[in-house]
Amino acid sequence: MSAPGRPSLLRQLGVVSATALVVSNMIGTGIFTTSGFLAGDLGSPKLVLWIWVVGAVCAFLGAICYSELGVNLPSSGGEYVYLTRAFGPTWGFMSGWVSFFAGFSAPIAAAALAFSDYLGYFFPSVRQENAHVLAGSGEWTLHLGGAQMAACALVLVFTALNCIGVERVARIQNVLTAAKVLMLVGFIALAFSIGHGSWNNFSANATRTASTPLVAQFAVSLFWIYVAYSGWNAATYVAEELRQPSRTLPAALGIGTALVAALYLLLNVVFIYAAPLEDLKGHIAVGALAASRLFGPEIAGLFSGLMALSLMSTVNAMVTIGPRVYYAMAKNGAFLASAAKVHPKWRTPVLAIVAQGVCTMILTLTPFPQLVIYIGFLLNFFAVMSVASLIHLRRQPGWRKLRVVSFCYPLFPVLFILVGLWMTVQGVQLKPYVSLAAVITVATGALVYHFRMRSKAQPEAVIETY
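The rules behind the values
- Residues numbered from 1 in each chain as written.
- Predicted model: local features only at pLDDT ≥ 70, side-chain atom pairs only at ≥ 80, totals over all residues.
- Heavy atoms only, no water.
- Buried < 20%, exposed > 50% of the residue type's maximum accessible area, 1.4 Å probe, protein only.
- Helix = DSSP H or I, 4+ residues; strand = E, 2+ residues; numbered from the N terminus.
- Patch = residues over 30% accessible without salt bridge, like charges linked within 9 Å, V, L, I, M, F, W, Y side chains within 5 Å.
- Areas by Shrake-Rupley, 256 points an atom, 1.4 Å probe, with all protein chains shown as cover.
- Salt bridge = Lys/Arg side-chain N within 4 Å of Asp/Glu carboxyl O.
- 1 Å grid on protein atoms, 1.4 Å probe; cavity = no way out; pocket = protein on both sides within 12 Å on 5 of 7 lines; lining within 4 Å.
- Points joined across faces, edges and corners; volume = space filled by probe spheres on them.
- Nonpolar A, V, L, I, M, F, W, Y, C, P; charged D, E, K, R; others polar.
- Phe/Tyr/Trp six-rings, centres within 6.5 Å; stacked < 30°, edge-to-face > 60°.
- Lys NZ or Arg CZ within 6 Å of the ring centre and 35° of its normal.
- Contact = heavy atoms within 4.5 Å.

Peer 1: How would you summarise helix H11 (residues 286-295) if you had to cite specific residues and measurements?
Peer 2: Across the ten residues of H11, eight count as buried, placing the element largely inside the fold. All buried positions along H11 are accounted for by Val 286, Gly 287, Ala 288, Leu 289, Ala 290, Ala 291, Leu 294 and Phe 295. Where H11 ends, the next residue or the one after it, Gly 296, has phi of about 90°, a positive value.

Peer 1: Can you lay out a nonpolar patch on the surface for me, pointing to particular residues and giving the numbers?
Peer 2: Taken together, Leu 134, Leu 142, Leu 144 and Met 149 make up a surface patch of nonpolar side chains, about 360 Å² in accessible area. Position of Leu 134 among the secondary structure elements: in strand S1 (residues 132-137).

Peer 1: Residues and numbers for empty space enclosed by the protein, please.
Peer 2: Tallied over the full model, the rule gives four cavities of 30 Å³ or more. Along its surface, the second largest cavity is lined by 13 residues, and Gly 55, Cys 58, Ala 59, Tyr 226 and Met 423 are the ones closest to its centre. Counting only elements with at least two residues in the lining of the second largest cavity, the list comes to helix H3 (45-72), helix H8 (214-229) and helix H16 (411-430). The residue inventory of the lining of the second largest cavity, partitioned by class, reads ten nonpolar, three polar and no charged.

Peer 1: I'd like a rundown of the packing of aromatic side chains, residues and numbers included.
Peer 2: Applying the stated criterion across every chain, the model contains 26 aromatic pairs. With a centroid separation of 6.5 Å and an interplanar angle of 25°, the aromatic rings of Phe 218 and Trp 422 are classed as stacked. Placement of the pair is Phe 218 in helix H8 and Trp 422 in helix H16, with a sequence separation of 204 residues. Ring pairing ties together the aromatic residues Phe 93, Trp 97, Phe 100, Phe 101 and Tyr 449, which thus form one cluster. Above the plane of the ring of Tyr 409 lies Arg 394, whose end atom (NZ or CZ) is 4.3 Å from the centre.

Peer 1: Outline the pattern of salt bridges, listing residues and values.
Peer 2: Opposite charge on two side chains makes pairing possible when the charged atoms of those side chains draw close. Per the stated rule, a full pass over the model turns up three salt bridges. A salt bridge links Glu 68 to Arg 394; the nearest nitrogen and oxygen atoms lie 2.7 Å apart. Placement of Glu 68 in helix H3 and of Arg 394 in the loop between helix H14 (368-393) and helix H15 (403-406) is noted, with a sequence separation of 326 residues between them. Of the two residues examined, Glu 68 and Arg 394, each falls in the buried class. For Lys 281, the salt bridge identified is with Glu 278, shortest N-O distance 2.8 Å. Classification of Lys 281 as partly exposed rests on a relative accessible area of 22%. Residue Glu 278 is classed as partly exposed on the basis of its relative accessible area of 36%.

Peer 1: For the environment of Thr 19, give the residues involved together with the corresponding values.
Peer 2: Here Thr 19 lies in helix H1 (residues 15-26). Classification of Thr 19 by relative accessible area gives buried; the value is 10%. Setting aside chain neighbours within four positions, we find Thr 19 in contact with Ala 251, Ala 252, Ile 255 and Gly 256.

Peer 1: Would you mind going over the layout of surface pockets in detail, with residue names and values included?
Peer 2: Taken as a whole, the largest pocket spans an internal volume of roughly 480 Å³. What lines the largest pocket is a set of 27 residues, among which Asp 117, Arg 127, Glu 129, Ile 284 and Ala 285 lie closest to the centre. Elements with a contribution of two residues or more to the lining of the largest pocket: helix H5 (89-119), strand S2 (140-144), H11 and H14. Of the residues belonging to the lining of the largest pocket, the class tally is eleven nonpolar, twelve polar and four charged.

Have a look at this one:
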């Protein structure tokens, strides 16, 4: 617990706010950008839809497992808390280290860049395709242009807002989330009622841009899907600020994941209904293209603006959640001590929020596809480790077992782990350079912990129950 007189986080978030964080964290970069890349990778409308179904099942299985972990270990920090308890402080530190780069900073950068592309419907100069190459060649380049400037401006605004209080930001988040969900529901309803689409598009395949076998490509493409669904664990990161976490956390994860899965499947049906896969192939702002085909340029502009607003909601949700991981680590002596400092007036981890914002703005220079695969590889690996920790921790006396996890146990966690391992093996084979970057990130975290943080760590500090 916090030392007497030292400012701490407050339990002020209910089911609605926690669910809003889950929904906003999930609905964003992936659904608004992924389908255009899947069109080229898979080439079949049926496979594009099926991969979203598989992703939904995996996300729901993950949310079920994380619910039990979060109920038993309701400290802010998510995977860091679970892995520290199950496998020791080195694994906990590595999960937090990876979260800083690939769990939050990189996804925020990707969401902000996607926001720039949708904003590019009105201002073409801020599209990623118009950015200049600063350094590198081929896939590994650094870009700078209007897209990066717009993305950095968005990150700066929400970083500042999050510094001045989570309750105020939560109210903003609830409004943005409501607007996002209403926009998506309206987009789907109008697409099928007045939109100029064609059901024939579902029988029109696209020429594949990938030469790898479909089974292997399906596994690698799941990294894109995993990034799209990755927010299903969002509420666990603010567990220490949830009212009645044993009730609020499972409800938020379950409701949020189910709602988003349904919207994702319907949206992909709309995208394919709007345009054949061949036309969707390679487009980042796939929602803007679909709106243009369905409704014409004037109404498409409206939806492009609303989709940009939705991506703002995603950025805000992740800017809110990420620093809570670093806060939990720093309280445990496993991260920079400054990350544990809570502002006496605003009651937020200001330095952790600012550090994340700076890292995010630097990462906006990275090409979008490589950024997404890198994120997916690392998030998948540590989610698999966290679900594996559930199997280990369930053996301990006093562990509270949820009925939904006990049903057919250990079927749900084992299925989640097997799919994740399959993705990892195929990713190493087909994306060796991105895999190497991911391995270097993890290894660097282990080295930093061993040489700089090991003597400061106090694993028992994060294992608080309520």
